[in-house]
Amino acid sequence: MAREETTGFMAMKGAGYYSRATVGAKHVMDNAAQMVLDAVARMDPSKGSDVFRATDMGAADGGTSLDMWRRVLADVRERAPDRPIEMIYTDLPRNDFSQVFQIVHGLTGETTYLSEVSGVHVMASATSFHEAIVPAGTLDLGFSATASHYITAVPCNIEDHVHMVGASGTTRQAYEDKGAADWDNMLAQRAAEMKPGARLCLFNFGIDSEGRYLGNTGGVNMFDTFALHWRGLVEDGIITEEEFANTNFPQVYRTQDQFVAPLEDVESAAHKAGLRLEHVESRVVRCPFEQAFSEEGGDPAAFARDYIPTLRSWSEPTFANGLSRERSAVDRARIIDAFYGRYEDMVAADPAGHAMDYVHIYMVCVKQ
C-alpha cells in the first residue's frame, strides 16, 4: 500500500465527540493557562494598535481550549481596549470546522468568549502547522496543545507495534529523525509568522525525565494494549498481517532535550529565524476518568464505557487508515468497533492500571 501523508486521513472525531470525550485535554490547557497569560503580560499588547492575531493550531473542534481562550482574550482586551482581535483556529483539512464555529458561537451550550470579549473576529484555516498558516510577521500569539507530536508522514512501518514508543533500533531512530526535522521546520514556520516580541506557547505530548508518556505512567501501557488487540485481530483472521504492518501512528514523542534542541542549535532553521526559549517544564495531568473511578468507585463496566471514547477520539483514524482500501466502509466500521470493543471488555474485566494520564512538555518561546 502506498504510504499516505498525515493530511490525507487524520482528523479528530467530529460532531463534538472529541471535546466531549477528551476532557483531560481541556484540563491540561485550563491548568496551564497562566503560562499563556504570563506570556501575554510580557508581550504587552497595549503597545500595538494594529490587529492582535492569535492562532490555535491543531484545535480539533475548539471545545477543549474554549475556557482557556476566554481568559486569555479577556486579558488581551483589558490590556488593549481598542485593538481588534483575530482568532484563527487551524487544523487539517478533514477536521470538523463546522463544529468549531458552532462551539465558538455558542450554539452547543458552552459559554463562549464571543459573548464576553468585544471586537473578536473568528476565522479558521485548514492548513497543517508544518506549513505557513498566516502571512510573515503578522502573528502576536501562537498556541498549540496536544497536537505537535504529529509528523507529516510515517518514515517506515513499525515491527509488531503501532507506535514509535514501541519501536527500537533503526526504526525508532527513523521516527526520531523524522520528528526532529518536522519539529525544526514547524518552529521555523512559526518564527517566520511571528512579529518581533511575539510569543509561542506549546503544550506538547512528550517523554518526561522518568520515561513517562501518554498512557504510560506506571499502570497498563496504552500503546502496548493497542498493539495487543490489533494483533489479536490478525490472530483471529479478522485483519491481515499487511494491515497490521500498515497501521502506524504518524506521531513522535520527544524528550524535553529533543524539544529544546532546535532553539539552542545556532544552525537550526528555528534559531536562525530568531526563535528563543523562555520557559520549559514537564507535567503529568491525571486521567479524569480513572481519577473519578478510583476516588468514587462504581461499576468497572461503566468506567470502561466512559474511558474508551477518550482513546478512540484521536486514535481511530490511524487504525482505520491501516485497513485495506478494498474493504467496504461497513466492513471497516465493523472491524474498528470490534477492536475498541475488545479494549473495553479488557478494562471492564480488570480496570486496575488503565488510565490515559497526560504527559506534556510545556514551552514558551519568543521571537527576537
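Details of the structure are given in the entry above.
Conventions we followed
- Residues numbered from 1 in each chain as written.
- Predicted model: local features only at pLDDT ≥ 70, side-chain atom pairs only at ≥ 80, totals over all residues.
- Heavy atoms only, no water.
- Helix = DSSP H or I, 4+ residues; strand = E, 2+ residues; numbered from the N terminus.
- Rg over C-alpha atoms; globule rule 2.2 N^0.38 Å.
- Contact = heavy atoms within 4.5 Å.
- Lys, Arg positive; Asp, Glu negative; His and termini not counted.
- Charge placed at Lys NZ, Arg CZ, Asp CG, Glu CD.
- Buried < 20%, exposed > 50% of the residue type's maximum accessible area, 1.4 Å probe, protein only.
- Arc of directions from axis to C-beta.
- Axes fitted to C-alpha atoms, helices over the stretch in contact; angles between N-to-C directions.
- Parallel < 35°, antiparallel > 145°, perpendicular 65-115°, else oblique.
- Left-handed = near helix turned anticlockwise from the far one by under 90°.
- Nonpolar A, V, L, I, M, F, W, Y, C, P; charged D, E, K, R; others polar.
- Pairing = 2+ DSSP bridges.
- Right-handed = clockwise from strand over helix to strand, strands pointing away.

## Looking at the overall build of the protein chain
Scanning the protein chain from terminus to terminus reveals 13 helices and eight strands. Whereas a compact globule of 368 residues would reach a radius of gyration of roughly 21 Å, the protein chain reaches 20 Å, a difference of no more than 12%. Principal axes of the C-alpha set define a box for the protein chain whose edges measure 65 × 45 × 40 Å. Across the protein chain, every contact between residues at least 6 apart in sequence was considered, and the portion connecting residues at least 24 apart equals 82%. The protein chain carries 33 positive and 53 negative side-chain charges, and their two centres are separated by 4 Å.

## Description of helix α9 (residues 256-264)
Among the residues of α9, those classed as buried are F259, V260, P262 and L263. Looking straight down α9, one finds its buried side chains confined to an arc of 150°; they lie on one side. Away from its buried face by more than 90 degrees, α9 exposes D257 and E264. The secondary structure elements touched by the buried residues of α9 are α6 (169-193), β5 (194-207), β6 (254-255), α10 (269-272), β7 (275-285) and β8 (358-367).

## Details of the packing of helix α7 (residues 222-235) against helix α12 (residues 300-322)
The contact between α7 and α12 brings their axes to 13 Å, and the two run at 50°. Considering their axes alone, α7 and α12 lie oblique with respect to each other. You can see that α7 and α12 cross each other, and the crossing is right-handed. Between α7 and α12, the residues in contact are M222, F223, F226 and W230 and L311, W314, S315 and F319, respectively. Looking at the contact of α7 with α12 residue by residue, the class counts come to seven nonpolar, one polar and no charged.

## So, the pairing of β5
Burial analysis of β5 places twelve of its 14 residues in the buried class, the great majority of the element. Here six bridges tie strand β4 (residues 139-145) to β5, and the two strands are oriented parallel to one another. In the strand pairing of β5, G142 is matched with L200. Taken together, β4, α6 and β5 constitute a β-α-β crossover, and its handedness is right-handed. Pairing analysis gives seven bridges linking β5 to β8, with the strands arranged antiparallel. Paired with F203 across the bridge in β8 is Y362. In terms of strand pairing, β5 meets β6 through two bridges, oriented parallel. Residue pairing in the sheet places I207 in a bridge with T255 of β6.

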